[in-house]
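Residues per chain, in single letters:
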Amino acid sequence: VIKVICCGVCHTDLHQIKNDLGMSNYPMVPGHEVVGEVVEVGPDVTKFNVGDCVGVGCLVGCCNNCRPCNADVEQYCNKKIWTYNDVYTDGKPTQGGFAGSMVVHQKFVVKIPEGMAPEQVAPLLCAGVTVYSPLNHFGMKGSGLKGGILGLGGVGHMGVLIAKAMGHHVTVISSSDKKKEEALDVLGADDYLLSTDVERMQELADSFDYIIDTDPVHHPLEPSLSLLKLDGKLIIMGVINVPLQFVSPLLMLGRKTITEAFIGSMKETQEMLHFCKEKGVRSTIEVVKMDYINTAMERLAKNDVRYRFVVDVAGSNLHNE
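Procedures and definitions
- Residues numbered from 1 in each chain as written.
- Predicted model: local features only at pLDDT ≥ 70, side-chain atom pairs only at ≥ 80, totals over all residues.
- Heavy atoms only, no water.
- Helix = DSSP H or I, 4+ residues; strand = E, 2+ residues; numbered from the N terminus.
- Rg over C-alpha atoms; globule rule 2.2 N^0.38 Å.
- Buried < 20%, exposed > 50% of the residue type's maximum accessible area, 1.4 Å probe, protein only.
- Areas by Shrake-Rupley, 256 points an atom, 1.4 Å probe, with all protein chains shown as cover.
- Lys, Arg positive; Asp, Glu negative; His and termini not counted.
- Charge placed at Lys NZ, Arg CZ, Asp CG, Glu CD.
- Polar contact = N/O pair within 3.5 Å; in protein donor to acceptor, adjacent residues only side chain to side chain.
- Pairing = 2+ DSSP bridges.
- Axes fitted to C-alpha atoms, helices over the stretch in contact; angles between N-to-C directions.
- Contact = heavy atoms within 4.5 Å.
- Phe/Tyr/Trp six-rings, centres within 6.5 Å; stacked < 30°, edge-to-face > 60°.
- Lys NZ or Arg CZ within 6 Å of the ring centre and 35° of its normal.
- Parallel < 35°, antiparallel > 145°, perpendicular 65-115°, else oblique.
- Nonpolar A, V, L, I, M, F, W, Y, C, P; charged D, E, K, R; others polar.
- Domains from an automatic or database assignment.
- Buried area = accessible area lost by both parts, 1.4 Å probe.
- Salt bridge = Lys/Arg side-chain N within 4 Å of Asp/Glu carboxyl O.

Summing up its helical and strand segments, the chain has 11 helices and 17 strands in all. Taking 321 residues into account, the globule formula puts the C-alpha radius of gyration at 20 Å, and the chain, at 20 Å, falls close to it. Across its three principal directions, the C-alpha atoms of the chain cover 60 × 40 × 40 Å. Within the span of the chain, comprising 321 residues, buried residues form 50% of the whole. Accessible surface, the chain as shown: approximately 15,100 Å² in total, 51% of it carbon and sulfur. Distance between charge centres in the chain, computed from 29 positive and 38 negative side chains, equals 3 Å.

Our focus in this paragraph is the side chain of His 168. Position of His 168 relative to the elements: it lies in the loop between α5 (154-165) and β11 (169-174). By relative accessible area, His 168 is classed as buried at 2%. Within the structure, the side chain of His 168 is placed 3.0 Å from the backbone oxygen of Met 140, a separation counted as a polar contact.

Relative to the elements of secondary structure, Asn 85 occurs in the loop between β5 (81-82) and β6 (86-87). Overall, the relative accessible area of 8% leaves Asn 85 in the buried class. At 3.1 Å, the side chain of Asn 85 forms a polar contact with the backbone oxygen of Met 23. There is a polar contact of 2.8 Å between the side chain of Asn 85 and the backbone nitrogen of Asn 25.

A separate point is the sheet that holds strand β15 (residues 257-260). Reading across the sheet, the six strands line up as β12-β11-β10-β13-β14-β15 and stay open at both edges, with parallel pairing between neighbours. Only two strands of the sheet have a single partner each, and these edge strands are β12 (191-194) and β15. Averaged over all pairs of adjacent strands, the angle between strand axes in this sheet comes to 25 degrees, irrespective of strand direction. Here strand β13 (residues 208-213) pairs with strand β14 (residues 228-236) via five bridges, running parallel. Looking across to β14, one finds that Asp 213 is bridged to Ile 236. Against the sheet, α5 makes contact with β10 (146-150), β11 and β13, and its axis sits at roughly 165 degrees relative to β11, the strand it touches most.

Before going further, it helps to spend a moment on the packing of aromatic side chains. Counting across every chain of the model gives three aromatic pairs. Each member of the aromatic cluster is reached from another via a ring pair, and the members are Tyr 76, Trp 82 and Phe 262. Geometry around Phe 108 places Lys 107 over its ring, the cationic atom sitting 6.0 Å from the centre. The ring of Phe 208 has Lys 146 lying over it, and the distance from NZ or CZ to the ring centre is 4.7 Å.

Bringing unusual backbone geometry into the picture now. The residue after Tyr 26, namely Pro 27, is reached through a cis peptide bond having omega -5 degrees. Turning to its location among the elements, Pro 27 is positioned in the loop between α1 (11-17) and β2 (34-38). Positive phi is not limited to glycine here, since Asn 64 has a value of about 70 degrees. Within the secondary structure layout, Asn 64 lies in the loop between β4 (59-61) and α2 (67-70). Positive phi, close to 60 degrees, is recorded for Asp 72, a residue that is not glycine.

Closest axis-to-axis distance for the helix α4 (residues 127-137)/helix α10 (residues 266-279) pair is 10 Å, and the angle between their directions is 100 degrees. Of the possible angle classes, the one that applies to α4 and α10 is roughly perpendicular. For the pair formed by α4 and α10, the contact residues are Gly 128, Val 129, Tyr 132, Ser 133 and Asn 136 on the first element and Glu 268, Thr 269, Glu 271, Met 272 and Phe 275 on the second. Counted by class, the contact of α4 with α10 contains four nonpolar, four polar and two charged residues.

In this section: the environment of Ala 183. With respect to the helices, strands and loops of the structure, Ala 183 is situated in helix α6 (residues 180-186). On the basis of relative accessibility, which here comes to 0%, the residue Ala 183 falls in the buried class. Residue contacts for Ala 183: discarding those within four places in its chain leaves Leu 152, Val 172, Gly 188, Ala 189 and Tyr 192.

This part covers the domain arrangement of the chain. Taken domain by domain, the chain comprises domain 1 (2-126 + 284-312) and domain 2 (128-260). At the junction of the two partners, domain 1 supplies 12 residues and domain 2 supplies 15 residues. Between domain 1 and domain 2, a total of about 1,200 Å² is buried, with carbon and sulfur atoms accounting for 53% of that surface. Where domain 1 touches domain 2, the interface holds one salt bridge. For Arg 306, the salt bridge is made with Glu 182, and the minimal N-O distance between the two is 3.4 Å. For the side of domain 1 that touches domain 2, the class distribution of residues is six nonpolar, three polar and three charged.

Put into structure tokens, the structure is as follows:
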């Protein structure tokens, strides 16, 4: 049993609340970047003790015996159970972290390293591991790589921080220059590339090892593909439910890859937390109380947040509202 301290607000929460993906069930309690304190443990729990500071991400269940589960990448299990808007094996609905407490199986709980602030950890449990996982899987954690981050929202800002912590040269790619100062001065990106600047786009063609594409709406892939060098990877992170297009020579003539990755495993999540503690990665957040959540959602829809809302659940006096 976890007493919720705080919970990050993700773009997926907005999709689910508004039924953008056509699969929402109400009443729904969103929230899948949950940090809390263990207040009770079942008799078979071995990994956690009462008083531990822990985190819960996007999943709370899996089948435990398919190929992905056996390979410790349970996020690819076809029977995975989402933290909210899903049902447990006993048919009861799952509810997320915008709540006073949660009950979660120990497999889907991670220990927060000592000294990390709960509100700082929250965005790492989805946005952070979403970026860490593909870089880890494709062997791109080593320093000296040149990476691009397309889009500077919740996942994009984590992408800059984590890639910089890995020792990469990081360029933020955007269609406008309104976030330029922040990208370079606050987040520490090395360069800022306007995708509308034809001259610079040509100048930087064939020079990136990877581009993490966090744009959550339909957009052309050709500009990004032209920036990748031989064997470069375009890693798509946005949930886009309309077909994306590209012309094949752009891939063929550079043996380039378009790929996607889905969140991260529990193993990677724990690893990523230790990495972020060691490297001093701190996300840029705006902490709000629960009574502000509807306004936060409206602002998130307009990308009016730098860069992640985190709800102070414990300080929101939920029982009296």
